[in-house]
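# Structural features, examined
Listed below are the residues making up each chain.
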Amino acid sequence: MVIGKPFLTVEQIQGKVKELANIISRDYEGKELLAVGILKGAFMFFSDLVRNIRVPMHIDFLVSSSYVKTQSNGKVNLHADIRSTVQGRHVLLVEDIVDTGLSLNYLRHMLLGRDPASLKICALLDKKSRRKADIQIDYVGFEIPDRFVVGYGLDFEDRYRNLPYISVFKEKT
Ligand code: IMP
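Residues numbered from 1 in each chain as written. Predicted model: local features only at pLDDT ≥ 70, side-chain atom pairs only at ≥ 80, totals over all residues. Heavy atoms only, no water.

### Quick notes on the packing of aromatic side chains
Put simply, the test is: Here a pair means two rings of Phe, Tyr or Trp (six-membered ring of Trp) with centres within 6.5 Å. Their orientation is stacked below 30 degrees between planes, edge-to-face above 60, and tilted elsewhere. Put simply, DSSP H or I for four residues or longer makes a helix, DSSP E for two residues or longer makes a strand, and each gets a number counted from the N terminus. The buried label goes to any residue with under 20% of its type's maximum accessible area, the exposed label to any with over 50%, and the partly exposed label to all in between, with areas taken from a 1.4 Å probe on protein chains only. In our convention, an over-ring charge means Lys NZ or Arg CZ found within 6 Å of a ring centre and within 35 degrees of that ring's normal.
Counted under the stated rule, the structure contains five aromatic pairs. Summarising the aromatic geometry, the rings of Phe148 and Phe169 are spaced 6.2 Å apart at their centres and angled 80° between planes, so their arrangement reads as edge-to-face. In this pair, Phe148 is assigned in the loop between strand S7 (139-143) and strand S8 (149-150) and Phe169 in strand S9 (residues 167-170), connecting sequence segments 21 residues apart. Taken individually, Phe148 and Phe169 each receive the classification buried, so the pair is uniform in this respect. Aromatic side chains Phe156 and Phe169 sit 4.2 Å apart centroid to centroid with 25° between the ring planes, which places their arrangement in the stacked category. On the criterion of sequence distance, the pair formed by Phe156 in the loop between S8 and S9 and Phe169 in strand S9 is long-range, its members being 13 residues apart. Owing to a relative accessible area of 7%, Phe156 belongs among the buried residues under this scheme. Judged by its relative accessible area of 9%, Phe169 falls in the buried class. Positioned above the aromatic ring of Phe142, the side-chain terminus of Lys16 is 5.1 Å from the ring centre.

Okay, structure coming up:
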């Protein structure tokens, strides 16, 4: 297994996180947010993002998975749900990366069924070329090519999540 040089450096990521947080703070001015992080992948992005957002908020997490090794299996498993009430709240769903969009589409519909005042999605990375579900991502950090990436919360078989930067994952041949 080889982790090459960073694909996205700490500086690039942190700069983008602040940019997104500023836009979100402006868009939600005067409102209160329910920020929902999708675990495990979004844990690092989520914590950096929320500490830069300047509107009052509640935070909650849900745990879902759909990937086996480097391929989405198309089926979303919800391991743990949020405990907060969604009805009438302004929900911001925070994801690490959108690939086919199937996971987010599933979670989005689930939360919309609970009657939020609004629901928006923020993702650090977007592999737009792989999209299968027609889903709008309201706040995107970086659009990236079709590569499997690890670090900054993203994993391969649950490893490399702790890297502070993002690298392209290459299996040793
Ligand atoms: P989707 O349902 O196909 O959009 O898959 C989204 C989920 O797959 C993300 O939340 C990640 O957990 C995982 N995923 C997709 N692409 C990558 C990648 O390049 N590296 C690590 N995880 C990924």
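Don't stop here, the text continues.
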